[in-house]
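A structural walkthrough
Below are the chains, spelled out letter by letter.
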Amino acid sequence: MPVKHAQPNLSQSQVCELMKRLYNLTAAEMRPLPSYDDQNLYVAPCEGGEFVLKIMNSEHSKNITIIEVQTHAMSFLHQNGLPVQTAVPTASGQLMSLEEMGMKGADPSAFITASIINRRISSRASGIDQLAGKKDFVRWQMEHPHLSILERENFIWSLSNVSLLKGYLNVLDGDPLQEAVKSVITQYEDYVIPKRPNFRKCINHGDFNDLNVLVQPDDNHGYKISGILDFGDMNSGYYVFELAITIMYMMIEHPDPIQVGGPVLAGWESVFPLNQDEKDCLYLLVLSRFCQSLVMARYSVTLHPENEEYLMITSRKGVKILQRFWELGKKHVEKVWFQHAAEFNKTMNKDVN
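Now for a description of the structure that goes with this document.

Conventions adopted
- Residues numbered from 1 in each chain as written.
- Predicted model: local features only at pLDDT ≥ 70, side-chain atom pairs only at ≥ 80, totals over all residues.
- Heavy atoms only, no water.
- Helix = DSSP H or I, 4+ residues; strand = E, 2+ residues; numbered from the N terminus.
- Contact = heavy atoms within 4.5 Å.
- Areas by Shrake-Rupley, 256 points an atom, 1.4 Å probe, with all protein chains shown as cover.
- Axes fitted to C-alpha atoms, helices over the stretch in contact; angles between N-to-C directions.
- Left-handed = near helix turned anticlockwise from the far one by under 90°.
- Nonpolar A, V, L, I, M, F, W, Y, C, P; charged D, E, K, R; others polar.
- Parallel < 35°, antiparallel > 145°, perpendicular 65-115°, else oblique.
- Buried < 20%, exposed > 50% of the residue type's maximum accessible area, 1.4 Å probe, protein only.
- Pairing = 2+ DSSP bridges.
- Salt bridge = Lys/Arg side-chain N within 4 Å of Asp/Glu carboxyl O.
- Disulfide = S-S within 2.5 Å.

The next point concerns the overall build of the protein chain. Within the protein chain one finds 10 helices and 10 strands. Once local pairs closer than 6 in sequence are excluded, the contacts in the protein chain between residues at least 24 apart make up 73%. In the structure as shown, the protein chain presents an accessible area of about 16,400 Å², 51% of it carried by carbon and sulfur atoms.

Moving on, we come to the packing of helix H7 (residues 276-303) against helix H9 (residues 313-328). Packing of H7 against H9 brings their axes to within 10 Å, and their N-to-C directions diverge by 145 degrees. H7 and H9 meet at a crossing whose hand is left-handed. The segment H7 lies against H9, with Tyr283, Leu284, Leu287, Phe290, Cys291, Ser293, Leu294, Ala297 and Arg298 engaging Thr314, Ser315, Gly318, Val319, Ile321, Leu322, Phe325 and Trp326. Taken together, the residues of the contact of H7 with H9 break down into 12 nonpolar, 4 polar and 1 charged.

H9 packs onto helix H4 (residues 177-192) with a crossing angle of 60 degrees between their chain directions and a minimal axis gap of 11 Å. Taken together, the axes of H4 and H9 are oblique relative to one another. Considering how the two elements wind past one another, H4 and H9 form a crossing that is left-handed. Taken together, the residues of H9 that come into contact with H4 (itself represented by Leu177, Ala180, Val181, Ser183, Val184 and Gln187) are Val319, Leu322, Gln323 and Trp326. Its residues assigned to classes, the contact of H4 with H9 shows 7 nonpolar, 3 polar and no charged.

Here we take up the pairing of strand E10 (residues 235-238). Where burial is concerned, the two faces of E10 agree: the one with Asn235 and Gly237 and the one with Ser236 and Tyr238 are both buried. As paired elements, strand E7 (residues 201-204) and E10 share 4 bridges and run antiparallel to each other. From the neighbouring strand, Ile203 faces E10, where its bridge partner is Ser236.

Moving on: the pattern of salt bridges. Scanning the model with the defined rule gives 12 salt bridges in all. The closest approach of N and O atoms between Glu17 and Arg21, which form a salt bridge, is 2.7 Å. Of this pair, Glu17 and Arg21 both sit in helix H1 (residues 12-23), 4 residues apart, which is roughly one turn of the helix. The partly exposed category is assigned to Glu17, whose relative accessible area is 39%. Note on Arg21: relative accessible area 42%, which makes it partly exposed. Its salt-bridge partner being Arg21, residue Glu99 comes within 2.8 Å of it at the nearest N-O pair. Of this pair, Glu99 sits in strand E5 (residues 97-100) while Arg21 sits in helix H1; the two residues are 78 residues apart in sequence, bridging distant segments of the chain.

What follows concerns the state of the cysteines. Under the defined criterion, the tally for this structure stands at 0 disulfides. Cysteine Cys46 remains unbridged, with the sulfur of Cys16 as its closest cysteine sulfur at 9.4 Å. Taking relative accessible area as the criterion, Cys46 reaches 56% and is therefore assigned exposed.

Functional significance is not addressed by these values, which are geometric in nature.
Structural data, given as structure tokens:
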């Protein structure tokens, strides 16, 4: 079960001191970036460039091995031509630094990392569906002596662990949403779990949402993806999990959520076609991710009410979408998604020919 921990809250002067001491850079511009439980900052130094400085919370900082694997994954994807963040070595050549923070009521240590970034323009870009599939395919080929740590057996954000949400349903007491969430969990256990042995395995990014995608203008008056951020939820899973997560978060950002599934599905399958069991479970996996997001947001607010605005970003929009899609039902939603995917592929093939 997630525990209450002190979210880092370094002052501007402390951050300036860290940037100078660790990276020999002088911060000219600095501003906070959203974070679920760490402290993230945008830093533009006098020496040039743009960086994200991440100060991890005390709980995450206890597990150096998983941080090393996450950092290795970023470097591996970058070396294979994918636009992901990469850790910047400190002046002493380290990719991270364990610092004494002195935070009251918490483990006084926190890892500090910095990443080079491209400026964020918008969350809307073409190719997000194909890139989501490609990065999982490439990452599955990654080697590391501690890859097994990504199994994360009781990790609440893994779509393998939807049943663990039962332990948090009290945060929905008195809310009609509770019955819908219970029903989704039951359907997941009855329908998805028996089919899971036929899912293809991979290593999931696990949090492919609009806040973790950077884009920049392209030559066609649109946008192209220039960066993928935040590997903190990386875990061993299945390709269809990443697709479900991608669809769910893109639905949050679309004015007509049911229209999202088709194009994302078409783009994904152009890289990695689903098998029949994966297709059969996609609807429930998308709803399961909604349930994870809504329930854990409510629970996290009870631990960190000071961060409610950020914690509830997805939840506020997601409640109505979850209720609507549960009411529409699997058969209707799948019909829309798969028909739109077929139409999208026809259009794309015509353009190519």
